[in-house]
Amino acid sequence: MILLSPAKKLDYLSPFTSIKHTQARCLTDSQILVEQLKAYAPQQLAELMHLSDELAQLNFERYAQWQLPCQLDNAKPAMFAFAGDVYTGLAALDLDPTTLNYAQERLRILSGLYGLLRPFDLIQPYRLEMGTALKTARGHNLYEFWGEKLTKILDADLQALGEASLLNLASAEYAKAIQPKHLSQKLITPIFKDWSRGQYKVISFFAKRARGLMARFVLQQRITCLEQVLAFNAEAYAYNPNLTQHPYQPVFTRKIF
């Protein structure tokens, strides 16, 4: 199973290829967060989320308009709504219907607002990063708000598939919402490095895109084990055993001259 982060950049204009849609499984929790955020003035949102005045006003309006149920006239399947670097690499619009259905079973997206999403789960436009220090009745931040819930849902999904491992392609900020000690399966966290100024280093833009590329590779090739993951070679990346210090943290590198 694959775990991804969401994206700040959203796309609610482009058409999408799937006519299927599902409801997110943590909408009761989402409603609690939204009701609290609706009470914030634009300037308060700007301070909470470190936003410009323009973005703060946009998200003030988003939360004012947010309401259940999520439907195709006010929402979009998560896999097609997110449009950041990870999702450029994933290129979901180019996946065939069979692979999209496969992704619904085996791809999960972490979200500060929606908790844990499946690709076809409908989401309304929002901005709420997992690292936001939003105080609620459950704690001082979103990690405390979600607690063990996301880990339990994810582990239940893993066990339902009989999977032996979880491919963590989420950023560190979002992966912190999952508690590995409560997972019954192994956690594999690839690291992507590019050659820059005489050494290999993690470059955020490229690493995000690479996570999306690997997710696409795993889905299309129906990858089921770590050994198959190591064969990943999209856009000149290759497994680098010399830089890999832990078997469950494989390093992939590339040089582009």
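A quick note: this is a predicted structure, and the numbers were derived from the prediction, not measured.

So, on to the pairing of strand β3 (residues 107-111). A regular strand places its side chains on the two faces of the sheet in alternate fashion. By the criterion of burial, β3 is predominantly enclosed, with five of the five residues buried. Burial of β3 is two-sided: the residues Leu107, Ile109 and Ser111 facing one way and the residues Arg108 and Leu110 facing the other way are all buried. Across three bridges, the pairing between strand β1 (residues 2-4) and β3 is parallel. Bridged to Leu4 within β3 is Ile109. Taking the residues that link successive antiparallel strands as the turn, the β3-strand β4 (residues 115-117) hairpin has three residues.

Of the two faces of strand β8 (residues 191-196), only the one carrying Phe192, Asp194 and Ser196 is buried; Ile191, Lys193 and Trp195 on the other face are not. As defined by bridge partners, β8 adjoins strand β11 (residues 251-254) across four bridges and the pair is classed as parallel. Of the residues in β11, the one forming a bridge with Ile191 is Val251. Counting the residues between successive antiparallel strands, the hairpin from β8 to strand β9 (residues 199-201) contains two residues, one of them, Arg197, with a positive phi of roughly 55°.

For the rest of this paragraph, the subject is the sheet that holds β11. With respect to topology, four strands assemble into an open sheet ordered β9-β8-β11-β10, the strand pairing being mixed. Edge positions in the sheet fall to β9 and β10 (238-239), since each of these pairs with one other strand and no more.

What follows covers the sheet that holds strand β6 (residues 165-169). What the five strands build is an open sheet, ordered β4-β3-β1-β6-β7; its pairing is mixed. Edge strands, defined here as strands with exactly one partner in the open sheet, are β4 and β7 (186-188). Adjacent strand axes in the sheet meet at a mean angle of 30°, parallel and antiparallel pairs treated alike. Taken together, the three bridges between β6 and β7 define a ladder with parallel strand orientation. If you follow Leu166 over to β7, its bridge partner there is Leu187.

Cut-offs applied
Residues numbered from 1 in each chain as written. Predicted model: local features only at pLDDT ≥ 70, side-chain atom pairs only at ≥ 80, totals over all residues. Heavy atoms only, no water. Buried < 20%, exposed > 50% of the residue type's maximum accessible area, 1.4 Å probe, protein only. Helix = DSSP H or I, 4+ residues; strand = E, 2+ residues; numbered from the N terminus. Pairing = 2+ DSSP bridges. Axes fitted to C-alpha atoms, helices over the stretch in contact; angles between N-to-C directions.

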